Amino acid sequence: MEKLLGLITGSILFFLSALHVFWAFGGKLESVTVIPETNGKPTFVPSRGLTLLVALALFGFGTVALWSSGNIFYPNKTSSIFSLLISFIFLGRAIGDFRLVGYFKKIKNTKFAKYDYLLYSPVCILLGTSYFYLGWRSF
């Protein structure tokens, strides 16, 4: 069970990492809005460097999922701690900043807010729960 969960979780994170690399080098997905917006305009424009840094972090998170599940290396206390920390990152993202992202955001009538409610936050809950399980089971 743990190995399959780690493979699924890692695969999701590796896909998201590759997507960020795609965006960093100018790739576009016209039908999807991934940046929070106010008054019809993005709240920020991420630089190539920042987007690549996010891609690297997501790749690292995917590696931790494989490590914590025993797919690569042997799971230990360090992998458990990393998994629990990553769990809190994703669960925190799902809760949100109480303004633009997460389930408790105030701005709810934008295209991004709809995607966030239906896709981004649920995926964060799924990932956060997965990492929590992978991290907690080793203690």
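See the structure printed just above.
Residues numbered from 1 in each chain as written. Predicted model: local features only at pLDDT ≥ 70, side-chain atom pairs only at ≥ 80, totals over all residues. Heavy atoms only, no water.

Explanation requested: the overall build of the protein chain in the structure shown.
On a plain count of helices and strands, the protein chain comes out with four helices and two strands. Start at the N end of the protein chain and walk to the C end: the helices and strands fall as α-β-β-α-α-α. Taking 2.2 N^0.38 as the reference for a compact globule, 139 residues should give roughly 14 Å; the C-alpha atoms of the protein chain span a radius of gyration of 16 Å, in line with that estimate. Taking the principal axes of its C-alpha atoms as reference, the protein chain extends roughly 50 × 30 × 20 Å. Across the protein chain, the fraction of contacts at a sequence separation of at least 24, relative to all contacts at a separation of at least 6, is 65%. For the protein chain, the computed accessible surface area is about 8,300 Å², with 72% contributed by carbon and sulfur atoms. (Helix = DSSP H or I, 4+ residues; strand = E, 2+ residues; numbered from the N terminus. Rg over C-alpha atoms; globule rule 2.2 N^0.38 Å. Contact = heavy atoms within 4.5 Å. Areas by Shrake-Rupley, 256 points an atom, 1.4 Å probe, with all protein chains shown as cover.)

I'm lost on the packing of helix α1 (residues 2–24) against helix α2 (residues 48–68) in this one. Help?
Two quantities define a packed helix pair, namely the angle between the axes and the distance from one axis to the other. For the pair α1 and α2, interaxial distance at closest approach is 8 Å and the crossing angle is 165°. Comparing their axes, α2 and α1 come out roughly antiparallel. In terms of crossing hand, the pair formed by α1 and α2 is left-handed. Residues Gly 6, Leu 7, Thr 9, Gly 10, Leu 13, Phe 14, Leu 16, Ser 17, His 20, Val 21, Trp 23 and Ala 24 of α1 lie in contact with α2, whose contacting residues are Arg 48, Thr 51, Leu 52, Val 54, Ala 55, Leu 58, Phe 59, Phe 61, Gly 62, Thr 63, Ala 65 and Leu 66. (Axes fitted to C-alpha atoms, helices over the stretch in contact; angles between N-to-C directions. Parallel < 35°, antiparallel > 145°, perpendicular 65-115°, else oblique. Left-handed = near helix turned anticlockwise from the far one by under 90°.)

Is there a simple way to think about a nonpolar patch on the surface in this case?
Taken together, the side chains of Phe 44, Leu 50, Leu 53, Val 54 and Leu 56 define a hydrophobic patch exposed on the protein surface, amounting to about 460 Å² of accessible area. Residue position: Val 54 is located in helix α2. Note on Val 54: relative accessible area 33%, which makes it partly exposed. (Patch = residues over 30% accessible without salt bridge, like charges linked within 9 Å, V, L, I, M, F, W, Y side chains within 5 Å. Salt bridge = Lys/Arg side-chain N within 4 Å of Asp/Glu carboxyl O. Buried < 20%, exposed > 50% of the residue type's maximum accessible area, 1.4 Å probe, protein only.)

Would you explain the environment of Tyr 131 in this entry?
Assignment of secondary structure puts Tyr 131 in helix α4 (residues 111–136). Spatially, the C-alpha atoms of Tyr 131 and Pro 46 are 27 Å apart, while their sequence positions differ by 85 residues.

In this structure, what is going on with the side chain of Glu 37? I would like to understand it.
Mapping Glu 37 onto the fold places it in strand β1 (residues 37–38). No salt bridge is formed by the buried Glu 37. Its closest oppositely charged neighbour is Lys 111, at 7.6 Å. A distance of 2.9 Å separates a polar side-chain atom of Glu 37 from the backbone nitrogen of Lys 111. Polar side-chain contacts of Glu 37 include one of 3.3 Å to the backbone nitrogen of Phe 112. Leaving out residues up to four positions away in the same chain, Glu 37 has contacts with Pro 42, Thr 43, Leu 100, Ile 107, Thr 110, Lys 111 and Phe 112. (Lys, Arg positive; Asp, Glu negative; His and termini not counted. Polar contact = N/O pair within 3.5 Å; in protein donor to acceptor, adjacent residues only side chain to side chain.)

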